[in-house]
Amino acid sequence: MKYIDEYRDASNARRIADEIRRVTTGPHAIMEVCGGQTHAIVKFGIDELLPPAIELIHGPGCPVCVTPVELIDKAIAIARQPDAVFCSFGDMLRVPGSRDDLFRAKASGADVRIVYSPLDALNLAKNNPGKQVVFFAVGFETTAPANALAVFQAHQSNIENFSILCSHVLVPPAMEAILSSPDCRVNGFLAAGHVCTIMGYTEYEPLAKKYNVPIVVTGFEPLDILHGVLLCVRQLEEGRAEVENQYARSVSREGNRHAQRLIETVYQIAPRGWRGIGTIARSGLALRPPFDRYDAERRFDVSEIVAHESEDCISGLVLRGVKKPRECPAFGTRCTPDHPLGAPMVSGEGACAAYYRYKQSEPAVLAGPCA
Ligand code: SF4
């Protein structure tokens, strides 16, 4: 696997882990923001390579997990409208709403379809003029440009039977919400490399300064994550709090200006509810005029829906890094991937799913010899 094995090499992993041990006096709690990094950490046993003085805390970076229950309920209500075709990525179908999920809505006759891109949904609208096609636009800054492009193209082609249910969330305001919370234990962050590929990392610089916390832009392979931890620990040990870029092969300080312009053209900053966490000011994207005519919440009458979150699920505490999945009383008993109580047990990036999948068995072995 050219270009993958290099980042999973066991002897290099051991070398970086040794260096982390050498420089650590600690204790340090480092939060990885992205659920993709959480899965890599648990899958490859990276947390077990680190000295006890370093704790990795899992953050809120799973867009499926943070989509509020209310929007799942609205998605189900829209999917059940006559002539509606509701399109979504597969992960969202099994995320529990107040009473139902999209999968059960589909089983009971709603036209719910799994697509692989928002442009698939737009094409479906073009080919089915008698249907109202809705795309569930979920994700962080990473998916926003592609979803913005679909809306932009619909607007340019004057396609009237396409809309999006918008649930975009932004990473820096979530990090600030965590840092300003009284129960915050985070000393340093591994920022999500793919988000920074789009947005760059200038937004993180004021956060690092204001909260005196190092932020290391980090990739997703095991060596990326170990290297990110090393850079973060070095800063903590030296009393520095800067933004550093471990993922320079993909990320520049300014990011992708074309993608940013597309986001700015189609969306505006808005408050956004986060599942289990609550509303965070300026933490989401909403369609701006004239593109707001593609807002599914305006097109369908779903404003009266009142959601109820499961009282058994502590996903808010898990997503803020206050608790680990195993500390949830329902983990692995009343909550499993087959019968999830909360989104983190369903999503391919959810922390509870990662623990359920990998923490019950031996971690995957990094490539090459490892003592
Ligand atoms: S184990 Fe299940 S119930 Fe507990 S926090 Fe995770 S998703 Fe929620």
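Going by the structure above, here's the rest.
Residues numbered from 1 in each chain as written. Predicted model: local features only at pLDDT ≥ 70, side-chain atom pairs only at ≥ 80, totals over all residues. Heavy atoms only, no water.

Would you mind going over the site of the ligand with me for this structure?
Surrounding the ligand, one finds Cys-313, Ile-314, Ser-315, Cys-328, Phe-331, Cys-335, Leu-341, Gly-342, Pro-344, Met-345 and Cys-352. Of the residues belonging to the shell around the ligand, the class tally is 9 nonpolar, 2 polar and no charged. (Near = heavy atom within 4 Å. Nonpolar A, V, L, I, M, F, W, Y, C, P; charged D, E, K, R; others polar.)

Just checking my understanding: could you explain the side chain of Asp-295 for this structure?
With respect to the helices and strands, the residue Asp-295 is situated in the loop between β11 (278-287) and α14 (296-299). With no salt bridge to any partner, buried Asp-295 finds its closest opposite charge in Arg-298, at an N-O distance of 5.4 Å. (Helix = DSSP H or I, 4+ residues; strand = E, 2+ residues; numbered from the N terminus. Buried < 20%, exposed > 50% of the residue type's maximum accessible area, 1.4 Å probe, protein only. Lys, Arg positive; Asp, Glu negative; His and termini not counted. Salt bridge = Lys/Arg side-chain N within 4 Å of Asp/Glu carboxyl O.)

Whenever I open this one, the nonpolar core confuses me. Can you help?
It is characteristic of soluble globular proteins that their nonpolar side chains tend to be buried jointly. Core analysis: the largest hydrophobic core is formed by 91 residues, its most contacted members being Phe-136, Phe-162, Phe-189, Tyr-204, Ile-215 and Tyr-267. Excluding residues within four positions of it along the chain, Tyr-204 makes contact with Val-171, Pro-172, Met-175, Ala-191, Val-195, Cys-196, Ile-215 and Val-243. Formed by 22 residues, the second largest nonpolar core is a distinct cluster that contains Ile-30, Ile-41, Ile-225 and Leu-231. (Core = buried A, V, L, I, M, F, W, Y, C linked by side-chain atoms within 4.5 Å. Contact = heavy atoms within 4.5 Å.)

What should I look at first to understand the sheet that holds strand β1 (residues 28-34) in this one?
Strand-to-strand pairing in sheets goes through backbone hydrogen bonds, with the strands running parallel or antiparallel. Here 5 strands make up an open sheet; going across it, the order is β2-β1-β7-β8-β9 and the pairing parallel. Among the strands making up the open sheet, the edge pair consists of β2 (54-61) and β9 (243-245). Taken over all neighbouring pairs, the strand axes of this sheet differ in orientation by 25 degrees on average, direction set aside. Where β1 meets strand β7 (residues 188-192), 3 bridges bridge the pair, whose relative direction is parallel. Paired with Ile-30 across the strands is Gly-188, a residue of β7. Packing of helix α2 (residues 35-43) onto the sheet brings it into contact with β1, β2, β7 and β8 (215-218), and relative to β1 it is tilted by some 120 degrees. (Pairing = 2+ DSSP bridges. Axes fitted to C-alpha atoms, helices over the stretch in contact; angles between N-to-C directions.)

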